[in-house]
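If you want the building blocks of each chain, they are given just below.
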Amino acid sequence: MVNSLPHPTTSAGRDGLAALLARPEKAVVALDFDGTLAEIVPDPESARAHPGAVEALAALAPEVASIAVVTGRPAGVAVRYGGFAGVPGLEHLVVLGHYGAERWDAVTGTVRAAAPHPGVASVRAELPGFLDRAGAWQGVWIEEKGRALAVHTRRAVDPEGAFEALKGPLGDLATHHGLVLEPGRMVLELRPPGMDKGVALAEYVRETGAGSVLYAGDDLGDLPAFAAVEKLRSDGTPGLLVCSGSAEVPELAERADLAVAGPAAVVDLLAALATAVGEG
């Protein structure tokens, strides 16, 4: 049984939901992947979309202007882990990978990409030795993200201690190579400047001419997307901010109009939206 639509706790959120329901064909529904459509797991390569996610997305996508998955992962990886390719009903879905530097469109099934930043290649070469000199290898590992690199501390003996110890040195390394350091949930990502979910989302909303926008995320990397929606709202485009519940990131929950209990609840929300707009 599909849950009924939850009620946003803010007036701006209620206005955003009302605008989406009134004119769904003008709405962009944007979603983070890890922690929002997929559970957070110790090994990011094992992450997969929640079992009900594709069905809910396929029910909602034909009713709205677009569904955009906005992720730091390579677009092709998110498509594969999400199971988005070749699904009837998902023709209105795009994946904005690497924070918008790559874009996969369900209609064409192809990825478009900007040129890579040279600093990423330099950091890729230096990072193993850098971590070795820092004595940080035990339980700490590097995730290769193509246009970015991520250092995970979740499997360390002291995940938070390793995270805090590495944050400053990795920030200096990023700056030296013209990159920025983005902290997340026990992960430190080194990536090019100007690459964030807020930039990607704002550009996509402008491109589509959306009349309303929903954004759902779970991590610090989603704060720029929250800020983008808040800016859109101040400029007259209604929006709804959803936090995929996490006790690890209270900053996001505090700014959200609606908090739900993780990916399963996000899927319930998508399914409820699909039912509501289908009956409207």
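Everything below is about the structure printed above this text.
Each value, and the rule that gives it
- Residues numbered from 1 in each chain as written.
- Predicted model: local features only at pLDDT ≥ 70, side-chain atom pairs only at ≥ 80, totals over all residues.
- Heavy atoms only, no water.
- Helix = DSSP H or I, 4+ residues; strand = E, 2+ residues; numbered from the N terminus.
- Buried < 20%, exposed > 50% of the residue type's maximum accessible area, 1.4 Å probe, protein only.
- Contact = heavy atoms within 4.5 Å.
- Lys, Arg positive; Asp, Glu negative; His and termini not counted.
- Charge placed at Lys NZ, Arg CZ, Asp CG, Glu CD.
- Pairing = 2+ DSSP bridges.
- Axes fitted to C-alpha atoms, helices over the stretch in contact; angles between N-to-C directions.
- Phe/Tyr/Trp six-rings, centres within 6.5 Å; stacked < 30°, edge-to-face > 60°.
- Salt bridge = Lys/Arg side-chain N within 4 Å of Asp/Glu carboxyl O.

Engineer: Explain the overall build of the protein here, please?
Structural biologist: When helices and strands are counted, the protein shows 9 helices and 12 strands. By its C-alpha atoms, the protein is 60 × 35 × 35 Å across when sized along the principal axes. Taken over 280 residues, the protein has a buried fraction of 55%. Taking contacts inside the protein between residues at least 6 apart in sequence as the whole, the part at least 24 apart equals 67%. Within the protein, the 36 negative side-chain charges are centred at a point lying 4 Å from the centre of the 22 positive side-chain charges.

Engineer: Hey, could you run me through the sheet that holds strand β2 (residues 66–70) in this one?
Structural biologist: Backbone-to-backbone hydrogen bonds pair the strands of a sheet. The strands run either parallel or antiparallel. Here we have 8 strands laid out as an open sheet, ordered β5-β4-β3-β2-β1-β10-β11-β12, and mixed in their pairing. Only two strands of the sheet have a single neighbouring strand rather than two, namely β5 (110–113) and β12 (258–260). With direction set aside, neighbouring strand axes in the sheet form an average angle of 20 degrees. On top of the sheet, helix α7 (residues 223–234) reaches β10 (212–217) and β11 (239–244); it is set at about 160 degrees to β11, its chief contact.

Engineer: Can you walk me through the packing of aromatic side chains in this structure?
Structural biologist: Each pair of aromatic rings is reported with the distance of its centres and the angle of its planes. On inspection of all chains with the given rule, the structure shows 2 aromatic pairs. Consider the rings of F33 and F84, whose centres lie 6.4 Å apart with planes at 90 degrees: the pair is edge-to-face. You can see F33 sitting in the loop between β1 (27–31) and α2 (53–60) and its partner F84 sitting in the loop between α3 (75–82) and β3 (93–97), a full 51 residues away along the chain. The exposure class assigned to F84 is buried, which follows from its relative accessible area of 1%. Ring centres of Y215 and F226 lie 6.2 Å apart, and the angle between their planes is 85 degrees; this geometry places the pair in the edge-to-face category. Residue Y215 is located in strand β10, and its partner F226 is located in helix α7; the two are separated by 11 residues in the primary sequence. Note on Y215: relative accessible area 0%, which makes it buried.

Engineer: How should the pattern of salt bridges be read in this particular structure?
Structural biologist: Pairing is possible between side chains of opposite charge, provided their charged atoms come close. What the rule picks out here adds up to 16 salt bridges. The residue R255 makes a salt bridge to E230 at a minimum N-O spacing of 2.7 Å. Here the residue R255 occupies a position in helix α8 (residues 250–255), and E230 occupies one in helix α7, the gap between them amounting to 25 residues. Relative accessible area serves as the criterion here: at 32%, R255 is assigned to the partly exposed category. One salt-bridge network, held together by shared partners, links K145, E182, E189 and R191.

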